[in-house]
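One letter stands for each residue in the lines below.
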Amino acid sequence: MLSTDTDILSAAESWRRDGRAVALATVIETWGSAPRPVGSHLIVDDAGNFLGSVSGGCVEGAVITEAIEVIEAGAPRVLEFGVADETAWRAGLSCGGRIRVFVERVD
């Protein structure tokens, strides 16, 4: 199991060297009770394989879906999940906080 963000970023580089299309998701802001701190990373390839965590499992599914779209379109995006947002409950972020995640393609 990878234990550091450095390991996750190294894995992203390795995936790219192997010819896989990759997106990087990074927690850029938290508020209240958030499961992962600012700077936490999740990498996703175009087949939906992933490594790391931006929410301890709460919203990873939604982030992975968005990351695959970022890989295809090339345009980065900022995602926001929080208990005030109905979609956050569907995605599973019920911890009482809010997170913002920046998703970008790794070229």
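The name that an unreviewed UniProt entry assigns to the protein is XdhC and CoxI family protein, with the source organism given as Methylobacterium phyllostachyos.

Some remarks on the overall build of the protein
Each helix and strand in the protein was counted, giving three helices and five strands. Taken from the N to the C terminus, the helices and strands of the protein come in the order α-β-β-β-α-β-α-β. In the protein, which comprises 107 residues, the proportion classed as buried is 33%. Of the contacts formed within the protein by residues at least 6 apart in sequence, a portion of 51% connects residues at least 24 apart. For the protein, the accessible area works out to roughly 5600 Å², and carbon and sulfur atoms hold 50% of it.

Looking at empty space enclosed by the protein
Summed over all chains, the structure comprises one cavity of 30 Å³ or more. Lining the largest cavity are E29, T30, W31, R98, I99 and R100. When the residues that make up the lining of the largest cavity are grouped by side-chain class, the tally is two nonpolar, one polar and three charged.

What to know about the sheet that holds strand β5 (residues 98-106)
Spatially, β3-β2-β1-β5-β4 is the arrangement adopted by the five strands of the open sheet, whose pairing is antiparallel. Every other strand in the sheet has two partners, leaving β3 (50-52) and β4 (77-82) as the edge strands with one partner each. Between one strand and the next, the sheet's axes are offset by a mean angle of 20°, whatever the strand orientation. Packing of helix α1 (residues 5-17) onto the sheet brings it into contact with β1 (22-31), β2 (41-45), β3 and β5, and relative to β2 it is tilted by some 15°.

Section: α1
Since there are 3.6 residues in each turn of an α-helix, residues three or four apart along the chain are aligned in direction. Between the first and last C-alpha of α1 there are 19 Å, a value that for 13 residues agrees with the 18 Å anticipated at 1.5 Å per step. Packed against the buried residues of α1 are β1, β2 and β3. Phi turns positive one or two residues past the end of α1, at G19, with a value near 90°.

Digging into helix α2 (residues 60-73)
With 14 residues, α2 ought to run about 20 Å at 1.5 Å a step, and its terminal C-alpha atoms sit 20 Å apart, in line with that. Among the residues of α2, E60, V63, I64, A67, V70 and I71 are the ones counted as buried. The buried residues of α2 all sit within an arc of 120° when viewed along its axis, so they share a single face. Facing away from the buried surface of α2 by more than 90 degrees, the exposed residues are E72 and A73. Against the buried residues of α2 lie β1, β2, β3, β4 and β5. G74 occupies a position one or two residues after α2 and carries a positive phi of about 85°.

Quick notes on the rules
- Residues numbered from 1 in each chain as written.
- Predicted model: local features only at pLDDT ≥ 70, side-chain atom pairs only at ≥ 80, totals over all residues.
- Heavy atoms only, no water.
- Helix = DSSP H or I, 4+ residues; strand = E, 2+ residues; numbered from the N terminus.
- Buried < 20%, exposed > 50% of the residue type's maximum accessible area, 1.4 Å probe, protein only.
- Contact = heavy atoms within 4.5 Å.
- Areas by Shrake-Rupley, 256 points an atom, 1.4 Å probe, with all protein chains shown as cover.
- 1 Å grid on protein atoms, 1.4 Å probe; cavity = no way out; pocket = protein on both sides within 12 Å on 5 of 7 lines; lining within 4 Å.
- Points joined across faces, edges and corners; volume = space filled by probe spheres on them.
- Nonpolar A, V, L, I, M, F, W, Y, C, P; charged D, E, K, R; others polar.
- Pairing = 2+ DSSP bridges.
- Axes fitted to C-alpha atoms, helices over the stretch in contact; angles between N-to-C directions.
- Expected span 1.5 Å × (residues − 1).
- Arc of directions from axis to C-beta.

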